[in-house]
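Residues per chain, in single letters:
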Amino acid sequence: MAIYGVAVGDAGRERRIEVFADVYCPFAYAGLRRLLDRRYEVAGGFRLHVRAWPLELVNGRPLRPLAVAREVEALRSQVVPQLFTGFDREAFPATTLPALALAASAYDVDLSTGEAVSMALRHALFEEGLDVSRPQVLAELAGAHRVPAPQAHHGDRVRADWEEGRRRGVVGSPHFFAGDRSFFCPALGVDHGQDGLRVTPTDDVLSDLLDAIGTMG
């Protein structure tokens with residue numbers, strides 16, 4: 001199982017950027033990867049605190065594998081052909097609550113570990129075709145990153161993140177907060193039109209987010 005991580009600059013100067021997102025949201029995965037690919041543009045770097053925005057609670061039901069497969073195909077064909085190489089609709093998780101709890105446990109270790117595990121969960125799902133709701137998959141990922149198994153209070157944290165996101169006006173997955181500014185899905189424009197799903201890179205909005213991160217103290 002891959003250990004996902006990105007080298008950045010001086011850890012003492014890194015900024016903490018909050019993101020509310022779900023593990024099995026393909027737009028969040030693509031958007032996070034596009035942002036991290038440009039992390040070098042921010043002097044001193046930054047780390048992502050990816051907080052839980054569990055879509056199965058937001059929508060009252062889990063995401064449907066067929067719908068996600070169509071979104072994955074649109075993303076691959078229109079924006080990020082290098083991503084989603086191992087996506088397997090048959091291994092799509094019925095829930096992400098256990099995975100989100102593992103991410104919460106990883107953030108208890110430190111910010112860097114939390115970010116790495118958050119990205120590794122998405123890599124496992126979208127690049128390795130693994131069902132990240134399976135205990136064995138989560139145990140192997142936790143072991144690879146030396147993260148303690150999540151406890152009951154980590155599940156409570158997932159729901160607390162969801163409640164806080166609602167209070168802060170989170171629109172959907174992913175929603176970024178940088179200082180006093182917020183950005184919903186800044187890396188991608190998504191249009192569900194009559195001709196089907198259209199996804200476009202929104203480099204100008206992504207640059208605005210990077211600029212906002214750069215001005216943070």
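Structure: above.
Residues numbered from 1 in each chain as written. Predicted model: local features only at pLDDT ≥ 70, side-chain atom pairs only at ≥ 80, totals over all residues. Heavy atoms only, no water.

Draft legend 1. Highlighting the overall build of the chain. For the chain, the count of helices and strands is eight helices and six strands. For the chain, the C-alpha radius of gyration of 16 Å lies close to 17 Å, the compact-globule estimate for 217 residues. Counting only C-alpha atoms, the chain reaches 45 × 45 × 35 Å along its principal axes. Looking at the chain as a whole, 52% of its 217 residues qualify as buried. A separation threshold of at least 6 residues defines the contact pool for the chain, and within that pool the share at least 24 residues apart is 79%. Of the accessible surface of the chain, which amounts to about 9,900 Å², a share of 48% is contributed by carbon and sulfur atoms. Charged side chains in the chain number 24 positive and 29 negative. The centres of these two groups are separated by 2 Å. (Helix = DSSP H or I, 4+ residues; strand = E, 2+ residues; numbered from the N terminus. Rg over C-alpha atoms; globule rule 2.2 N^0.38 Å. Buried < 20%, exposed > 50% of the residue type's maximum accessible area, 1.4 Å probe, protein only. Contact = heavy atoms within 4.5 Å. Areas by Shrake-Rupley, 256 points an atom, 1.4 Å probe, with all protein chains shown as cover. Lys, Arg positive; Asp, Glu negative; His and termini not counted. Charge placed at Lys NZ, Arg CZ, Asp CG, Glu CD.)

Draft legend 2. Representation of the nonpolar core in the model. If you look at the biggest cluster of nonpolar residues, it comprises 70 residues, and the most contacted ones within it are F46, L48, F84, L121 and L188. Setting aside its immediate chain neighbours within four residues, F84 contacts P26, Y29, A30, V72, L75, R76, F126 and E127. (Core = buried A, V, L, I, M, F, W, Y, C linked by side-chain atoms within 4.5 Å.)

Draft legend 3. Region of the structure containing the layout of surface pockets. In this structure, the largest pocket encloses a volume near 310 Å³. In terms of lining residues, the largest pocket is bounded by 16 residues, among which C25, F27, L55, L63 and E71 are the most central. Looking at the lining of the largest pocket, the elements with two or more residues in it are helix 1 (26-36), helix 3 (65-78) and strand 5 (188-193). Ranked by residue count, the leading element in the lining of the largest pocket is helix 3, at three residues. (1 Å grid on protein atoms, 1.4 Å probe; cavity = no way out; pocket = protein on both sides within 12 Å on 5 of 7 lines; lining within 4 Å. Points joined across faces, edges and corners; volume = space filled by probe spheres on them.)

Draft legend 4. Structural detail: the pattern of salt bridges. As enumerated under the stated definition, the model contains 12 salt bridges in all. With a closest N to O distance of 2.7 Å, E41 and R38 form a salt bridge. For R38, a relative accessible area of 17% gives the class buried. Across the pair R51 and E164 runs a salt bridge, and its minimum N-O distance is 2.8 Å. Here R51 is found in strand 2 (residues 46-52), whereas its partner E164 is found in helix 7 (residues 152-167), with 113 residues between them in sequence. Take R51: its relative accessible area is 9%, and that puts it in the buried class. (Salt bridge = Lys/Arg side-chain N within 4 Å of Asp/Glu carboxyl O.)

Draft legend 5. Highlighting unusual backbone geometry. Following S173, the chain continues into P174 via a peptide bond in cis, with omega recorded as 5 degrees. Its identity as a non-glycine residue notwithstanding, R146 has a phi of 55 degrees, on the positive side. Structurally, R146 can be placed in the loop between helix 6 (135-144) and helix 7. Given a relative accessible area of 76%, R146 falls into the exposed group. Positive phi, normally seen in glycine, also occurs at C185, with a value near 45 degrees. With respect to the helices, strands and loops of the structure, C185 is situated in the loop between strand 4 (181-184) and strand 5.

Draft legend 6. Local environment of the side chain of T96. Within the secondary structure, T96 sits in the loop between helix 3 and helix 4 (97-109). A distance of 2.6 Å separates the side chain of T96 from the side chain of D22, its partner in a polar contact. Apart from residues lying up to four places away in sequence, T96 is in contact with D22, V23, Y24 and E56. (Polar contact = N/O pair within 3.5 Å; in protein donor to acceptor, adjacent residues only side chain to side chain.)

Draft legend 7. Structural detail: the sheet that holds strand 3 (residues 175-178). Read across the sheet, four strands follow the order 2-1-3-4 without closing on themselves; strand pairing throughout is mixed. Looking along the sheet, the strands with just one partner apiece sit at the ends: strand 2 and strand 4. Ignoring which end each strand starts from, the neighbouring axes of this sheet average 25 degrees apart. Here strand 1 (residues 15-21) runs beside strand 3; their pairing, made up of three bridges, is antiparallel. For F20, the partnering residue across the bridge sits in strand 3 and is H175. (Pairing = 2+ DSSP bridges. Axes fitted to C-alpha atoms, helices over the stretch in contact; angles between N-to-C directions.)

Draft legend 8. A look at the packing of helix 4 against helix 5 (residues 111-126). For the pair helix 4 and helix 5, interaxial distance at closest approach is 6 Å and the crossing angle is 155 degrees. It follows from the interaxial angle that helix 4 and helix 5 lie roughly antiparallel. In the crossing of helix 4 with helix 5, the sense of the turn from one axis to the other is right-handed. Of the residues in helix 5, those touching helix 4 at A99, L102, A103, A106, Y107 and V109 are L111, T113, G114, E115, V117, S118 and L121. (Parallel < 35°, antiparallel > 145°, perpendicular 65-115°, else oblique. Left-handed = near helix turned anticlockwise from the far one by under 90°.)

Read these as spatial facts, not as claims about activity.
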